[in-house]
Amino acid sequence: MRRRQGAHDPLADEVAAAVEALWEGLRSFARLHADDVARVHPEHRKDAENLLHYLALRQQDVRHLQRALGDRGLSSLGRCEPHVLATVEAARDALGCRPPVLGPETLGFDEGRAALDRNTDRLLGPRPGGRVPRIMVTLPSEAADDYPLVRGFLTRGMDVARINCAHDDPRAWVRMADNVENAVKETGRACRLSMDLAGPKLRTGPLVDGPPVVKLRPRRDEYGIAVEPARVLLTAGGAPADTDSPPALPVAADWLARRRPADEVEVVDTRGSPRVLRVQSAGPGLCVAEVW
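Residues numbered from 1 in each chain as written. Predicted model: local features only at pLDDT ≥ 70, side-chain atom pairs only at ≥ 80, totals over all residues. Heavy atoms only, no water.

**Some remarks on the overall build of the protein**
Phase 1: From N to C terminus, the protein includes nine helices and ten strands.
Phase 2: Relative to a compact globule of 292 residues, whose C-alpha radius of gyration would be 19 Å, the protein shows 31 Å and is clearly more extended.
Phase 3: The C-alpha extent of the protein, read off along each of the three principal axes, is 80 × 70 × 45 Å.
Phase 4: Counting across all 292 residues of the protein, residues that qualify as buried make up 28%.
Phase 5: Put simply, 52% of the contacts in the protein that link residues at least 6 apart link residues at least 24 apart.
Phase 6: Between the averaged position of the 42 positive side-chain charges in the protein and that of its 42 negative side-chain charges there is a distance of 2 Å. (Helix = DSSP H or I, 4+ residues; strand = E, 2+ residues; numbered from the N terminus. Rg over C-alpha atoms; globule rule 2.2 N^0.38 Å. Buried < 20%, exposed > 50% of the residue type's maximum accessible area, 1.4 Å probe, protein only. Contact = heavy atoms within 4.5 Å. Lys, Arg positive; Asp, Glu negative; His and termini not counted. Charge placed at Lys NZ, Arg CZ, Asp CG, Glu CD.)

Structure (structure tokens):
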């Protein structure tokens, strides 16, 4: 239903209050981290504040507010990354039928977009002709000794060569970097070099083996349709010595003693999917069940 021109919007005050609360929440979150922002280089402090505003926004579920803003022809806050607070302030002012007036410390729309472009260029190199995204290629181990491979990556559009320092060794990394540098000189194409440092690998001591995963696979025909259920032994002891027996699933002895044929046992597999085991036969300390 289309709202008549000049008709009162009964939810306007509620939407405006939600936007006002969101705006205040973003600013409060940034104030909590003022000391962190102060340690950032002055050139990037507004960028750091904008990142905090973005983190504060994404910590909330604003889907209902986004729909309400979109229904009123306003920004749904979906693409506000370069200028989060400015977008919220503009929506707040538009709801009040006022032209947007940004605060003196607010990263504006043009300023935010320019900062994003500038920082992207510094990190990933100048924007390639004819496209916006940069192509990053993780160099394989062969790139240390296969110069034509690296040159081929570059001529086919590589803008950033990534060296994963979790693999190979410093000598191989140097040869990879030399190959990239030589390919840049030969082709005249710009290419940045990114070295991904391996993070800390914490070891707390020997890990105790967990229970083994029991794999149950119904037999399927050539069309992938199950034609025979998988069988499993529910047992309170160890697995049977007979290698031809179905896989064994350990369970509590008192629970097993209460099982009877035709019982349905609801379980959740390791992927989180519900399964139903149907008991076919029950005996002392052992049940046979099937699952499709």
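**As for the side chain of R259**
Phase 1: Take R259: it is sitting in the loop between α9 (253-257) and β8 (264-268).
Phase 2: One polar contact links the side chain of R259 to the main-chain carbonyl oxygen of W255, over a distance of 2.9 Å.
Phase 3: One polar contact links R259 to D263, side chain to side chain, over a distance of 3.3 Å.
Phase 4: Dropping the residues within four chain positions of it, R259 is found in contact with V265, A282 and C287. (Polar contact = N/O pair within 3.5 Å; in protein donor to acceptor, adjacent residues only side chain to side chain.)

**Here's the deal with the pairing of strand β6 (residues 230-235)**
Phase 1: With five of six residues buried, β6 lies mostly within the body of the structure.
Phase 2: Both β6 and strand β10 (residues 286-291) contribute to a ladder of six bridges, which runs antiparallel. Bridged to L233 within β10 is V288.
Phase 3: Sheet topology places β6 next to strand β7 (residues 248-250); three bridges connect them, and they run parallel. Of the residues in β7, the one forming a bridge with L233 is A248. (Pairing = 2+ DSSP bridges.)

**Topic: the packing of helix α1 (residues 12-32) against helix α5 (residues 84-95)**
Relative placement of two packed helices is described by the angle separating their axes and the distance separating the axes.
Phase 1: Following both chains from N to C, one finds α1 and α5 inclined at 155 degrees, their axes separated by 9 Å at the closest point. Judged on the interaxial angle alone, α5 and α1 are roughly antiparallel. When the axes of α1 and α5 are compared, the crossing they make is left-handed. Between α1 and α5, the residues in contact are V15, A16, V19, E20, L22, W23, L26 and R27 and V84, L85, V88, E89, A91, R92 and L95, respectively.
Phase 2: Here the contact of α1 with α5 is composed, by residue class, of eleven nonpolar, no polar and four charged. (Axes fitted to C-alpha atoms, helices over the stretch in contact; angles between N-to-C directions. Parallel < 35°, antiparallel > 145°, perpendicular 65-115°, else oblique. Left-handed = near helix turned anticlockwise from the far one by under 90°. Nonpolar A, V, L, I, M, F, W, Y, C, P; charged D, E, K, R; others polar.)

**A few points about the sheet that holds strand β1 (residues 136-138)**
Phase 1: Read from one edge to the other, the open sheet built from three strands follows the order β1-β2-β3, with strand pairing classed as parallel. Strand pairing shows two members of the sheet lacking a second neighbour, β1 and β3 (192-196), which therefore form its edges. Each neighbouring strand pair of the sheet contributes to a mean axis angle of 25 degrees, computed without reference to strand direction.
Phase 2: Where strand β2 (residues 160-164) lies against β3, five bridges are found, and the strand directions are parallel. Across the sheet, the residue bridging to V160 is R192, located in β3.
Phase 3: The strands touched by helix α6 (residues 109-124) within the sheet are β1, β2 and β3, with β3 carrying the most contacts at an inclination of about 80 degrees.
Phase 4: Strand contacts of helix α8 (residues 170-187): β2 and β3, with the helix running at about 175 degrees to β2, the strand carrying the most contacts.

**Regarding the packing of α1 against helix α4 (residues 63-71)**
Phase 1: Closest axis-to-axis distance for the α1/α4 pair is 11 Å, and the angle between their directions is 125 degrees. Considering their axes alone, α1 and α4 lie oblique with respect to each other. In the crossing of α1 with α4, the sense of the turn from one axis to the other is left-handed. Contact residues: V15, A18, V19 and L22 in α1; L65, A68 and L69 in α4.
Phase 2: For the contact of α1 with α4, the class distribution of residues is seven nonpolar, no polar and no charged.

Limitation: the analysis is restricted to geometry and does not speak to function.
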